[in-house]
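Examining the three-dimensional arrangement
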Amino acid sequence: MSWALRRKLVGWACMAPYLAFFLVFIVVPIIVSAWLALVQLDLANVGASRFVGLQNFQDAFADQFFWMAAGATLQYVVLFVPSVIVVGMVLGLGMHAMRRGREAVRALVYLPSMLNVAAAGILWQWFFNNEFGLFNSLLKRAGLPAVPWLTEAALAMPSICLMSLWWTVGGTAVLVLAGLQQIPRMYFEAAALDGATSTGVFRLITLPLLKPVLLFIFVTTTIASFQMFGQAMILTGGGPAFATRGMVQFMYETAFNGFRFGYGASISWLLFAGILAFSLIQARVLRSQMEA
Amino acid sequence: MKRSLISAAMIAAGLLFAAPLLLMAIASFKSEAEVLKPTQLLPTEWKLDNYQAVLENSIEAPVLTWFVNSVFVSSATTLLVIAVSSLAAFSFSRLRPSGSGPVLNLVVGAMMVPGQLFLIPVYVLLSRFALIDTPWALILPAAAGGFGVFMLTQFMRSMPVAIEEAALIDGCSLMQMFWRVTLPLSSPAVATLAIFTFIGSWNDYITPMVYMESVRNYTLPVGIALFQSSYSTQYGLTIATSLLSTLPLLILFLIFQKQIIESMTASGLKD
């Protein structure tokens, strides 16, 4: 056997195990999901499944619960993404300015990210509890009225954002810090020699050079936020009155509690459509990395 | 002057972030009545009752069984992902059989599809294969993720080929070259992937929630979520269980803090 042929055979053999998984658990599911979205499938009665075309999508647009879920998801994204970027920037810049103890602070800030969502949620549910939670106990001590953190519709989503912020902002801060550390020192030194103000340095040097990192953070956080699930599941179960039930929970409950797989699949395609613009930016970033 | 002020503020912020975990640890040693008085910082008497209850491994809440399940699923997932991804990356970066370029593009392109879309169809497939409610339902789909292949391919491409060529000239076969040269040289990237995969699998919540049916087959995050809904009035107990579910990762973090944070940033900052 020639060397080139052997190399080719070994090449495909090495790829084969991964490609088998890729085919079965990525390619086929995408096709199955697309097919499901176009049929009316009831798991209790598979024989009665029939092709319904775009009916599932029309149903979604006419379903007030779909719009409530879309609204809750959007509310979360709009509240959470800017907060995580701003707080992450502040923490990252703060750490960057430290002369000593930077690594200790970095570890402390990142520590909550190690928790699974159930543990983090249980902890914060204890903090948020109306009667004997930490927050209301502290408020009471200060002579302030109790806050219905999770039990009032208007407050529940901001409370979930607060918990998520504590849980994940460490990762953002660490990325910002690493981005800042990649900026060559001489830029700052040159700016200082020229007598630049600190706002000027931030606006004209730090921010532009941090742009790739910020774009990465923005895109990945947005994609993840559109799929928020565990936090609401643990803290509120999606309530009160569905105020915190996002798209993924709605899809999950439609498919696995209501056994409407076709409708559930169409919801996940609609969510994908919502995320698509951000996914495309991500794909471009990945591709440019691959060519580099 | 200004810098020391910032430092002080940052240390305070760091402690603020870690404080909830400390409160959690302390509360797990409190009696139930004292858990409900969160402004009392320390317990009057340190109790092990909550941990004793956890370790009973009762049928309704078999915490130890969940722990074993989590260890098995996360370890098996990590091993499988590394085996499958490193072989594929070796091919994509070194052997490059004709036609592999478009395949790699497809793999990376599929990373765009958000995870939630796979939940329903993979459930349908797994039930076809009779894998629902088995650990394989959590392990096998994880091996299809493109991240590991992408990351390792990137890393191997950035390595100089000279050493590997020398190995080939010295009479190594291609597979020996992979096993003895390429893989060991890629160990930093493999370690990063291992850490990521293990943490991700350990903390995974939605997948076991959907693919596992019997309580004894749960992994920790789903288990403690169930625990929370059935023992919602016993905060001390749920908090002790939550802490236990995080403990292995917290220990891992204390030991490999630097590596974990640096691998997290490395994957985000490749430019």
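What comes next concerns the included structure. All of these numbers come straight from a predicted model, not from anything done at the bench.

Quick look at the overall build of chain A
A count of helical and extended segments in chain A gives 12 helices and two strands. Put simply, chain A runs from its N terminus to its C terminus through helices and strands in the order α-β-β-α-α-α-α-α-α-α-α-α-α-α. Over its C-alpha trace chain A gives a radius of gyration of 24 Å, far above what one expects of a compact globule, namely 19 Å for 292 residues. Here the C-alpha coordinates of chain A stretch approximately 75 × 75 × 30 Å along the principal axes. A sequence separation of at least 24 residues applies to 67% of the contacts in chain A between residues at least 6 apart. Looking at chain A as shown, the accessible area adds up to about 13,300 Å², and 67% of this sits on carbon and sulfur atoms. Positive and negative side-chain charges in chain A, numbering 17 and 10 respectively, have mean positions lying 12 Å apart.

Re the pattern of salt bridges
Oppositely charged side chains may form a pair once their charged atoms are brought near each other. All chains considered together, the criterion is met by four salt bridges over all chains. Note that Arg245(A) and Glu253(A) form a salt bridge whose closest N and O atoms lie 2.7 Å from each other. Arg245(A) sits in the buried class, given a relative accessible area of 9%. Residue Glu253(A) is classed as buried on the basis of its relative accessible area, which comes to 19%. Close ionic contact of Glu164(B) with Arg94(B) constitutes a salt bridge, the shortest N to O distance being 2.9 Å. One end of the pair, Glu164(B), is in helix α9 (residues 162-169); the other, Arg94(B), is in helix α4 (residues 63-95), with 70 residues separating them in the sequence. Accessibility assignment for this pair places Glu164(B) and Arg94(B) in one class, buried.

Quick notes on the side chain of Ser7(B)
Tracing the chain through its elements places Ser7(B) in helix α1 (residues 2-27). For Ser7(B), the residues in contact, after removing those within four places along its chain, are Met98(A) and Arg99(A).

Definitions and limits used
- Residues numbered from 1 in each chain as written.
- Chains lettered and ligands numbered in written order.
- Predicted model: local features only at pLDDT ≥ 70, side-chain atom pairs only at ≥ 80, totals over all residues.
- Heavy atoms only, no water.
- Helix = DSSP H or I, 4+ residues; strand = E, 2+ residues; numbered from the N terminus.
- Rg over C-alpha atoms; globule rule 2.2 N^0.38 Å.
- Contact = heavy atoms within 4.5 Å.
- Areas by Shrake-Rupley, 256 points an atom, 1.4 Å probe, with all protein chains shown as cover.
- Lys, Arg positive; Asp, Glu negative; His and termini not counted.
- Charge placed at Lys NZ, Arg CZ, Asp CG, Glu CD.
- Salt bridge = Lys/Arg side-chain N within 4 Å of Asp/Glu carboxyl O.
- Buried < 20%, exposed > 50% of the residue type's maximum accessible area, 1.4 Å probe, protein only.

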